[in-house]
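# Examining the three-dimensional arrangement
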Amino acid sequence: MKCVHSFCRLYSKGIFLGFKRSKVNQYNHTALVKIQGVEDKEATEFYLGKRVAYVYKAKTEKNGTKLRCIWGRVMRAHGTNGVVRTKFSHNLPSRAMGSRVRVMLYPSRV
C-alpha cells in the first residue's frame, strides 16, 4: 500500500454484488462482496474476520453529519473467484447493489 501526500487509505475497496441466493430463494442476511485485487479462494483467507463498512448519505442530519454506516464482517469465501460472504448488523438495502463497501484491515489475525 502506497501513501501519497500524507494520506493513506486503511481499507480495501469492495463492491456489494448482491445477496446469497439459489434459483428460487434469496438470503438477505448474507451479502456477497467482491474485494479489489482478490482473484482466487486462497487470497480470501487474509480477509476472513475483517470488518466491512457500507457508508452512505442520508437525507437528514444526525450527530452533525449526513453520513451513515452499516457494519459487517467477512465470514467465508464464496466460490473460487475471490468473492466473500459477509454478514451485516442490519441487512443491506437492495439499492446498495453495485455500490462500494470498505473492507477494513482489522482485526488482524497475524
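Higher on the page you've got the structure.
Residues numbered from 1 in each chain as written. Predicted model: local features only at pLDDT ≥ 70, side-chain atom pairs only at ≥ 80, totals over all residues. Heavy atoms only, no water.

With that out of the way, let us pick up the pattern of salt bridges. In total, this model carries one salt bridge according to the counting rule given. The partner of Lys-34 in a salt bridge is Glu-39, and the shortest N-O contact between them spans 3.8 Å. Residue class for Lys-34 comes out partly exposed when judged on its relative accessible area of 23%. With relative accessibility at 54%, the residue Glu-39 sits in the exposed group. (Salt bridge = Lys/Arg side-chain N within 4 Å of Asp/Glu carboxyl O. Buried < 20%, exposed > 50% of the residue type's maximum accessible area, 1.4 Å probe, protein only.)

Attention shifts here to the sheet that holds strand β5 (residues 83-88). Spatial strand order, β1-β2-β5-β4-β3-β6: six strands in a closed barrel with antiparallel pairing. Ignoring which end each strand starts from, the neighbouring axes of this sheet average 45° apart. When strand β4 (residues 65-78) meets β5, the two strands line up antiparallel, connected through six bridges. The partner of Gly-72 across the bridge, within β5, is Phe-88. (Pairing = 2+ DSSP bridges. Helix = DSSP H or I, 4+ residues; strand = E, 2+ residues; numbered from the N terminus. Axes fitted to C-alpha atoms, helices over the stretch in contact; angles between N-to-C directions.)

Turning to the nonpolar core, a few remarks are in order. Phe-16, Ile-35, Tyr-54, Phe-88, Leu-92 and Val-101 are the most contacted members of the largest nonpolar core, which totals 18 residues. Mapped onto this core, the elements with two or more residues apiece are β1 (11-21), β2 (26-35), β3 (51-62), β4, β5 and β6 (100-104). In terms of residues, this core owes the most to one element, β2, which gives three residues. Once you skip the residues sitting within four places of it in the chain, Phe-88 turns out to touch Ala-31, Val-52, Tyr-54, Ile-70, Trp-71 and Gly-72. (Core = buried A, V, L, I, M, F, W, Y, C linked by side-chain atoms within 4.5 Å. Contact = heavy atoms within 4.5 Å.)

What follows covers the packing of aromatic side chains. Under the definition given, this model contains three aromatic pairs. Centroid distance Phe-16 to Phe-19: 5.4 Å. Interplanar angle 70°. Geometry classified as edge-to-face. According to the relative accessible area criterion, Phe-16 is buried, its value standing at 0%. Using a relative accessible area of 7% as the deciding quantity, one classes Phe-19 as buried. Look at Tyr-54 and Tyr-56: their rings are 5.4 Å apart centre to centre, the planes differ by 15°, and that puts the pair in the stacked class. Its guanidinium or amino end placed over the ring of Tyr-11, Arg-9 lies 5.7 Å from that ring's centre, counting from NZ or CZ. Directly above the ring of Tyr-27 sits Lys-20, whose terminal nitrogen or CZ lies 5.3 Å from the centroid. (Phe/Tyr/Trp six-rings, centres within 6.5 Å; stacked < 30°, edge-to-face > 60°. Lys NZ or Arg CZ within 6 Å of the ring centre and 35° of its normal.)

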